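What follows is the residue order along each chain.
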Amino acid sequence: MTDRERIRRIQSGEPEQMNELIETYYQEIFQYCYSRTGRESAAYDCAQETFLRVIRYLNRYVEQKKFRAYLFGIARSVCIDFFRKKAEAELGYEDGYEERLREEDFADQVSEQVMLQKAMQCLKPEQREVLDLSYFHGLKAREIAYVTGEKTATVKSRIRQGLKNLKTILEEEGYRWNG
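Residues numbered from 1 in each chain as written. Predicted model: local features only at pLDDT ≥ 70, side-chain atom pairs only at ≥ 80, totals over all residues. Heavy atoms only, no water.

**Student:** Could you clarify how one ought to interpret the overall build of the chain in this entry?
**Tutor:** Counting secondary structure elements, the chain contains 9 helices and 0 strands. Ordered by position in the sequence, the α and β elements of the chain form the string α-α-α-α-α-α-α-α-α. The buried share of the chain, reckoned over its 179 residues, is 40%. In the chain, 59% of the contacts between residues at least 6 apart in sequence involve partners at least 24 apart. Counting every atom, the chain has about 11000 Å² of accessible surface; 45% of that belongs to carbon and sulfur. (Helix = DSSP H or I, 4+ residues; strand = E, 2+ residues; numbered from the N terminus. Buried < 20%, exposed > 50% of the residue type's maximum accessible area, 1.4 Å probe, protein only. Contact = heavy atoms within 4.5 Å. Areas by Shrake-Rupley, 256 points an atom, 1.4 Å probe, with all protein chains shown as cover.)

Here it is in structure tokens:
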């Protein structure tokens, strides 16, 4: 069943379809919120709030773009609200994050991800956001433009510039860039 069909069924009085919609997107939204907040507990709260807003306002939803882009737009707003409510000094990666991940079987993959996340933290926030949405969540430039409220050309430019800057940062850290 497509998102469009599922949403129509929810709007027509089948609320149990909401569980399927949440199960489809929860992990992806949680990961996006984590990449924005840098904290597991904050990501959990933001993902929950994202789906609460979807539930609250789904009766007003009118299909304009893909539902997935609409959902990321809500998650983005929730994360922005999170930063407005929290003092910057309180933010950052949770203690032991890297150590916890290294204990897992996929240590090499994790260390690459950690290096990439640290490098991405050096980018301008707008570049980091478009790269995150594009490469980690698979959104297309026009979907990112919808989520961020920017023009597609601006998004493409930020992706190009962000990749260029990311390459420089990673190479300075001794990581060979293959992109």
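**Student:** Sorry, what's going on with the nonpolar core here?
**Tutor:** Nonpolar side chains tend to gather and get buried jointly when the protein is soluble and globular. Judged by nonpolar contacts, the single largest core of 45 residues is most densely connected at I29, C33, L58 and F67. For this core, the secondary-structure elements that each account for two or more residues are α1 (3-11), α2 (17-37), α3 (40-57), α4 (67-85), α6 (107-121), α7 (125-136), α8 (141-148) and α9 (152-172). The element best represented in this core is α4, accounting for 10 residues. When near neighbours in sequence (up to four residues on either side) are disregarded, C33 contacts G38, A43, C46, A47, T50, A75 and C79. (Core = buried A, V, L, I, M, F, W, Y, C linked by side-chain atoms within 4.5 Å.)

**Student:** Before we go on, may I ask you to explain the packing of α4 against α8 in this structure?
**Tutor:** A packed helix pair is summarised by two numbers, namely the angle formed by the two axes and the spacing between the axes. The geometry of α4 relative to α8 is characterised by a closest axis approach of 8 Å and an angle of 40 degrees between their N-to-C directions. Here α8 runs oblique to α4, going by the angle between their axes. When you trace α4 past α8, the crossing you get is right-handed. Listed contacts from α8 to R68, A69, Y70, F72, G73 and R76 of α4 are E143, Y146, V147 and T148. (Axes fitted to C-alpha atoms, helices over the stretch in contact; angles between N-to-C directions. Parallel < 35°, antiparallel > 145°, perpendicular 65-115°, else oblique. Left-handed = near helix turned anticlockwise from the far one by under 90°.)

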